[in-house]
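Coordinate analysis (summary)
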Amino acid sequence: MSTILFELGCEELPPKSLKPLRDALQASVIEQLTAADITFDSIKAFAAPRRLAIQIQGISDKQPDRTEQKRGPAIKAAFDAEGNPTRAAMGFAKGLGIEASELTTINTDKGDYVGFEQTIRGQATTELLPAIFQTALDNLPIAKRMRSGASRNEFVRPVQWVVLMQDDTVIDATIQGYQTGTQTRGHRFHSPDYHNIAHANDYEELLSGLKVVADFDKRQMLIKNQVKALADEVNSDAIVPQDLLDEVTALVDFPIALRASFEARFLQVPQEALISTMQADQKYFCLTDKTGKLQPYFIFITNIESKDPNQIIEGNEKVVRPRLADAEFFFLQDQKQPLFALTESLKNRVFQDKLGTIWEKSERIAKLAAFIATLMQQQGHDINVDETVRAGILSKADLASSLVGEYPELQGIAGTYYARLNDEPEAVAASLEEQYLPKFSGDVLPQTPIGICLALADRLDTLVGIFAIDQAPTGSKDPFSLRRSAIGILRILIEKQLPINLVALVEQAIKGYSDAEGSKIAKMGDTFTQVMAFLNSRYRAMYTEQGVSVDTIQAVQAINPHMPLDFDQRIRAVQAFSELSQASMLADSNKRVANILAKSEVSVADTVDEALLSESAEQNLYANVQQAQTVVQPLLEQADYTQVLQTLASLDEPLTQFFDQVMVNSEDAALKNNRLALLKQVRALFLTVADISELQL
């Protein structure tokens, strides 16, 4: 057992790709070692700005020998009547490099064959490793590879050196066009020269002395700890998004955190703009107080251990000041006119060529949001319809602002700030930011009633419009993020407990495209059908992400509920039903009932003639069905689907007895049709909740 060290040294690797490259390299090496039957005790991947490395400890020196059985022709074809080998046997032996006399007999179920067992010697690990590492590099997820100089070898950045060694010895090979060696390089500024690695086990410790923390995770933890310590000194919390933390970790070999400050006057600017520019442009960690309010400090990570850190701090303060001043200028410039005045320029801004301007979209949002607000009012929600209309008209106004023009991610957020400065009602102001929620899977939902109306109206308007002009998403393209919008609509209606029918919403959204001059939607019926089908198709994506089985989703989709909240209640009921001991049998019985009814050549009656129930088993089933219908009716009115299915589980035994003792397809047509009617009632009872026959239990 020994230790293997591989290191690829190169120019600075793309910081956003460093962590994925590390993980992919390690995964590929593990996969190849496993396939080659090479064992090892542990493997560790390293990643720093100028290197990717793999250290494998306790690796076996060679592959194990293996025995391989080769089977040739059948005995009858391999030897003649005198027992002499035929040409077939001799040809087989020659192919293996042996004499025919060395062949053995292999007994199988299909007869006896000649064969030979040969031992294949395992290759030395050192012979296999160069190809393994080269293959791993070739398979890295690199969008665009480059060549360096006259070399024909391609990589994401120019390669500078390659280390490949077993313990204290070089494994002679050429990887990425470079001869392997035992020399690495330290920090670009603190230790730029080549340094010899005495032993593969010394790698991490050696680099640490050369001002390189090669372990990505260890380097990241150092950054987090330093940032927290500096934030604590000013009684603040650091904003540390994982993506930014990964990127900063990939930018430095030897992280040193420093805290700087900026003028407090900039805090009058929306803090989201300040945070955005400091994070995106400067890779700074911003600080907030315990309530989330931005503080006039930021923390940055330097890659140099300076003798005078104040110079570095002053330099960063000097760099960030103009960026904050720009944000301040845009913010003050926008305030020279009220938010409503910005809507005028929306009349010249196109939402989509065939769907009109952003102003027209705002008008449609206002009307649709008012419709939703009215429905919510009727359901007992405290919401002002006039304020909802006002919010709809203002919903896209900030798209014409200078601040959003510079920071597009502030759409909605800027509108909320400006609305408050203009003394708009708080319900209106808050909704302007909330209209874009949820922004991604698992994101928070709008909290205010008007925010909910805007979020639904905006998405429904876009969904209907884009389908109307035949720009529906394809397998690979969804430029308007309609899939995400559809799931957002479903989530809002479900999680906000809004019993609103999708049919009403989609129909109203389609009407919004009509005016005195006609409708922008040529085929309203087709658009309605396509949008409804698209929304219904999103249930599977949404629920499978929550761990709900596909057959459960299909069971509910089979009855096509149009109210998302109702759909969700049915899903939860079927999930609970699936846990019952009777569930499997009832699912099978429902399949059987569905098949019998589907094969019926006559129309099956809705009612059962009790006088024709001749068998005790069918009489018993009928009695249980009658009782279940009575119990279930009030439960359905309360949408208590879980209790409905719990009640119907009692039909387990009567159904089993019915199928065991009763011939449904009786020669007596009257009996047969009556029994079909009974089964139809059974089927109808279950279909009040879901199609249980879809379950795979």
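Located above this text is the structure these notes cover.
The structure presented is a predicted model; accordingly, all values stated were derived computationally and were not measured. (Residues numbered from 1 in each chain as written. Predicted model: local features only at pLDDT ≥ 70, side-chain atom pairs only at ≥ 80, totals over all residues. Heavy atoms only, no water.)

1. Some thoughts on the packing of helix H16 (residues 449–468) against helix H19 (residues 524–545)
Two elements in contact, H16 and H19, have axes separated by 9 Å at closest approach and are oriented at 125°. Here H19 runs oblique to H16, going by the angle between their axes. Crossing of H16 over H19 shows right-handed handedness. Between H16 and H19, the contacting residues are Leu 463, Val 464, Phe 467 and Ala 468 on the first element and Thr 527, Gln 530, Val 531, Phe 534 and Leu 535 on the second. (Axes fitted to C-alpha atoms, helices over the stretch in contact; angles between N-to-C directions. Helix = DSSP H or I, 4+ residues; strand = E, 2+ residues; numbered from the N terminus. Parallel < 35°, antiparallel > 145°, perpendicular 65-115°, else oblique. Left-handed = near helix turned anticlockwise from the far one by under 90°. Contact = heavy atoms within 4.5 Å.)

2. Regarding the layout of surface pockets
Of the pockets and cavities examined, the largest pocket occupies roughly 640 Å³. In this structure, the largest pocket is lined by 20 residues; those nearest its centre are Gln 411, Tyr 436, Asp 458, Phe 480 and Arg 484. Only helix H11 (358–378), H16 and helix H17 (482–495) provide two or more residues apiece to the lining of the largest pocket. The element that contributes the greatest number of residues to the lining of the largest pocket is H16, accounting for 3 residues. Across the lining of the largest pocket, the residue classes tally to 8 nonpolar, 5 polar and 7 charged. In this model, the second largest pocket occupies a volume close to 300 Å³. (1 Å grid on protein atoms, 1.4 Å probe; cavity = no way out; pocket = protein on both sides within 12 Å on 5 of 7 lines; lining within 4 Å. Points joined across faces, edges and corners; volume = space filled by probe spheres on them. Nonpolar A, V, L, I, M, F, W, Y, C, P; charged D, E, K, R; others polar.)

3. Quick notes on helix H10 (residues 339–346)
All of the buried residues in H10 are Leu 339, Leu 342, Thr 343 and Leu 346. The arc that holds the buried residues of H10, viewed along the axis, is 115°, so those residues lie on one side. Of the surrounding elements, those touching the buried residues of H10 are strand E20 (356–357), H11, helix H12 (385–394), helix H14 (413–421) and helix H15 (426–434). (Buried < 20%, exposed > 50% of the residue type's maximum accessible area, 1.4 Å probe, protein only. Arc of directions from axis to C-beta.)

4. So, H14
For H14, the full list of buried residues reads Ile 413, Ala 414, Gly 415, Thr 416, Tyr 418 and Ala 419. Asp 423 lies just past H14 and shows a positive phi near 60°.

5. Notes on the sheet that holds strand E6 (residues 111–120)
Spatially, the 3 strands line up as an open sheet ordered E4-E6-E5, and their pairing is antiparallel. Because the sheet does not close on itself, it has two edges, and the strands there are strand E4 (66–74) and strand E5 (104–108). With strand direction ignored, the average angle separating the axes of adjacent strands in the sheet is 45°. Across the sheet, helix H3 (residues 87–96) lies against E4 and E6, angled at about 160° from E4, the strand it touches most. (Pairing = 2+ DSSP bridges.)

6. Observations concerning empty space enclosed by the protein
This model, assessed by the stated rule, comprises 1 cavity of 30 Å³ or more. Put simply, the largest cavity is a space of about 30 Å³. Those elements that place two or more of their residues in the lining of the largest cavity are H11 and helix H18 (502–511). Here the lining of the largest cavity takes 3 residues from H11, the largest share from any one element. Considering only residue class, the lining of the largest cavity consists of 3 nonpolar, 2 polar and 2 charged.

7. Notes on the sheet that holds strand E2 (residues 42–48)
Taking strand neighbours across the sheet as the criterion, the 5 strands line up as E2-E3-E1-E9-E10 in an open arrangement whose pairing is antiparallel. In this open sheet, the two edge strands, each paired with only one partner strand, are E2 and strand E10 (169–170). In the sheet, strand E9 (residues 159–166) pairs with E10 via 2 bridges, with the strands oriented antiparallel. The residue of E10 that forms the bridge with Gln 166 is Thr 169.

8. A word on the packing of aromatic side chains
According to the stated counting rule, one finds 13 aromatic pairs in the structure shown. On the numbers, 4.4 Å between centres and 10° between planes, the contact of Phe 6 with Phe 133 is stacked. Taken together, the positions of Phe 6 in strand E1 (residues 2–10) and Phe 133 in helix H4 (residues 125–138) put the pair 127 residues apart, joining distant regions of the chain. Accessibility classification places Phe 6 together with Phe 133 in one group, the buried group. Plain terms: the ring middles of Phe 46 and Tyr 203 are 5.2 Å apart, the flat faces sit at 70° to each other, and that makes the pair edge-to-face. Of this pair, Phe 46 sits in strand E2 while Tyr 203 sits in helix H5 (residues 203–209); the two residues are 157 residues apart in sequence, bridging distant segments of the chain. Assessed through its relative accessible area of 0%, Phe 46 is described here as buried. On the accessibility criterion, Tyr 203 (0% relative accessible area) is buried. The side chain of Lys 361 reaches across the aromatic face of Phe 351, ending 4.6 Å from its centre. (Phe/Tyr/Trp six-rings, centres within 6.5 Å; stacked < 30°, edge-to-face > 60°. Lys NZ or Arg CZ within 6 Å of the ring centre and 35° of its normal.)

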